[in-house]
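Letter by letter, the chains look like this.
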Amino acid sequence: MLKSLTSLRFFFALAVFLSHLTFVKTNLVWYNWLKNNVFFEGYLGVGFFFILSGFVLALNYERKIIDNPDFNKKKFYIARVARIYPLHVLTFVIMLPFVIINVWKGYIHWDIPILNLFLLQSYIPIKDYYFSINNVSWSISTEFFFYIMFPFFVICLHKFPKLKYLLLLIIPTIFIAEPYFRSDLKLEKGIFYINPIVRSFDFILGIITFQIYDKIKNYKIDTIKGNLLEIASILILGIFFYFHLDIQRAFRYGIYYWIPMVAIVLTFALQKGFISKILQHKIFVYLGEISFSFYMIHMIIIKYGNQYLPKINDFTKIGTYFIISLLLSAIIFEYFEKPIAKWIKKTV
């Protein structure tokens, strides 16, 4: 994994964290403006993760799949399961008190935790299902679909390279379909933001982004050009972000941010500028390494904190939740995520 891209994972995980600070109630105008216009758009971090996932898997496996007809899919799938499923199970177990109480009181139906446990919740466009238990687990439900389909995507893009232009068809498709879902935000989100098939286009774009990177990675790019490219990619994201309120939600869930996300992945994969050099510092790389644990644990901290620490000032909660999430993510990464993944790969 390229170090600068690893580091960026943490910053986009932080964006997702900020988007979940919906519990903060204040009369401060400046904070409410930030919450409504900046923080709530933090879900764009998920789009970055999906594109980056396609990029990284292609970086590590594309040539192996194309050059080897007997590519060991079993080993590949085991590695993918080891990457995400143990942490999902751990967070599910941590949420069991919530699950048991809510099932017992009839707030949620018994099939919801079962579907969640087996990462099937993202296929059902109903909020009680896709945002169940540990809300953010919907994304790894969707991600796991990408893993299953990855060898097929690679082979199809290799044999039929013009298929990549089909990505352009999703734009008019959503333009035509979106008005039929606009009146129901939960259903709209379930279709355009959650659904694994729809979000596959983000993942496939990540694979295509790697193919572009593979062609340009050996170009001679000096430090000045590298700096300009990295600054430009950040500015592009800033420009898109600035105008996001004028864009329909269905497009903002993914497509709208495709250009800036691809620009960021490409430029920081090249690692030619001063920003990527900073991101290669071991502190930022480590934050990137624990970002998956941070992403998976932070919503649980928020849920338990809001239930058992209701009298604490909301701004104090933000700092408390962030610090606890960060510390726990480091502990989980070192003593659970890494050793369990290694054990699974060795023994299965």
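A quick note: this is a predicted structure, and the numbers were derived from the prediction, not measured.

Moving on: the overall build of the protein. Secondary structure summary: the protein contains 18 helices and zero strands in total. Rg of the C-alpha trace for the protein: 20 Å, near the compact-globule value of 20 Å for 348 residues, within the 12% margin. Considered along the principal axes of its C-alpha atoms, the protein spans approximately 60 × 50 × 45 Å. By the burial criterion, 52% of the 348 residues in the protein qualify as buried. Looking at the protein alone, contacts between residues at least 24 apart form 79% of all its contacts between residues at least 6 apart. Put simply, the protein shows about 17600 Å² of open surface, and 69% of that area lies on carbon and sulfur atoms.

Non-glycine residue Leu-119 carries a positive phi angle of around 55 degrees. Checked against the element boundaries, Leu-119 lands in the loop between α6 (111-117) and α7 (127-130). Here the phi dihedral of Gln-271 falls at roughly 55 degrees; this positive angle occurs in a residue that is not glycine. Note on placement: Gln-271 falls in the loop between α14 (258-270) and α15 (274-279).

This part takes up α14. Three or four residues apart is the spacing at which side chains of an α-helix point the same way, because the helix has 3.6 residues per turn. Its 13 residues place the ends of α14 18 Å apart at the C-alpha level, agreeing with the 18 Å of an ideal helix rising 1.5 Å per residue. Most of α14 is tucked away: twelve of the 13 residues are buried. Buried within α14 we find Trp-258, Pro-260, Met-261, Val-262, Ala-263, Ile-264, Val-265, Leu-266, Thr-267, Phe-268, Ala-269 and Leu-270. Buried residues in α14 make contact with α1 (3-19), α3 (44-67), α9 (170-177), α11 (196-216), α12 (223-242) and α15. Looking one or two residues past α14, Gln-271 carries a phi angle of roughly 55 degrees, positive in sign.

Under the definition given, this model contains eight salt bridges. Of the charged contacts in the structure, one is a salt bridge between Glu-188 and Arg-249, with a shortest N-O distance of 2.7 Å. With a gap of 61 residues between them, Glu-188 in helix α10 (residues 185-194) and Arg-249 in helix α13 (residues 249-252) connect regions that are remote in the sequence. Given the relative accessible area of 30%, Arg-249 is considered partly exposed. Asp-202 is paired through a salt bridge with Arg-199; the nearest N and O atoms lie 3.1 Å apart. Residue Asp-202 and its partner Arg-199 are both found in helix α11; the two are separated by three residues, about one turn of the helix. Taking the relative accessible area as the measure of exposure, Asp-202 reaches 3% and is therefore buried. Owing to a relative accessible area of 1%, Arg-199 belongs among the buried residues under this scheme.

For any pair of aromatic rings, the description rests on two quantities: the centre-to-centre distance and the angle between the ring planes. The full count for this structure, using the stated rule, is 40 aromatic pairs. On the basis of an interplanar angle of 70 degrees and a centroid distance of 5.5 Å, the ring pair of Tyr-43 and Tyr-193 is categorised as edge-to-face. Note that Tyr-43 is positioned in the loop between α2 (29-37) and α3 and Tyr-193 in helix α10, a separation of 150 residues in sequence. Residue classification places Tyr-43 among the buried positions, given a relative accessible area of 12%.

If you look at the biggest cluster of nonpolar residues, it comprises 97 residues, and the most contacted ones within it are Leu-5, Phe-48, Phe-55 and Phe-150. Of the residues forming this core, the biggest block, 13 residues, is contributed by α3. Ignoring sequence-local partners within four residues, the contact set of Leu-5 consists of Leu-52, Phe-55, Val-265, Phe-268 and Ala-269. Counting residues in hydrophobic clusters, the runner-up holds five residues, among them Leu-287, Ile-290, Ala-330 and Phe-333.

Our next topic: the side chain of Gln-271. Residue Gln-271 is classed as buried on the basis of its relative accessible area of 18%. There is a polar contact of 3.1 Å between the side chain of Gln-271 and the side chain of Ser-4. The residues contacting Gln-271, other than those within four sequence positions of it, are Leu-2, Lys-3, Ser-4, Glu-230, Ser-276, Lys-277 and Gln-280.

Attention now moves to the packing of α10 against α11. Axis separation between α10 and α11 bottoms out at 6 Å; the angle between their running directions is 40 degrees. On the basis of the axis angle, α10 is oblique to α11. Of the residues in α11, those touching α10 at Ile-191, Phe-192, Tyr-193 and Ile-194 are Pro-196, Val-198 and Arg-199. Of the residues contributing to the contact of α10 with α11, the split by class is six nonpolar, no polar and one charged.

Rules and cut-offs
Residues numbered from 1 in each chain as written. Predicted model: local features only at pLDDT ≥ 70, side-chain atom pairs only at ≥ 80, totals over all residues. Heavy atoms only, no water. Helix = DSSP H or I, 4+ residues; strand = E, 2+ residues; numbered from the N terminus. Rg over C-alpha atoms; globule rule 2.2 N^0.38 Å. Buried < 20%, exposed > 50% of the residue type's maximum accessible area, 1.4 Å probe, protein only. Contact = heavy atoms within 4.5 Å. Areas by Shrake-Rupley, 256 points an atom, 1.4 Å probe, with all protein chains shown as cover. Expected span 1.5 Å × (residues − 1). Salt bridge = Lys/Arg side-chain N within 4 Å of Asp/Glu carboxyl O. Phe/Tyr/Trp six-rings, centres within 6.5 Å; stacked < 30°, edge-to-face > 60°. Core = buried A, V, L, I, M, F, W, Y, C linked by side-chain atoms within 4.5 Å. Polar contact = N/O pair within 3.5 Å; in protein donor to acceptor, adjacent residues only side chain to side chain. Axes fitted to C-alpha atoms, helices over the stretch in contact; angles between N-to-C directions. Parallel < 35°, antiparallel > 145°, perpendicular 65-115°, else oblique. Nonpolar A, V, L, I, M, F, W, Y, C, P; charged D, E, K, R; others polar.

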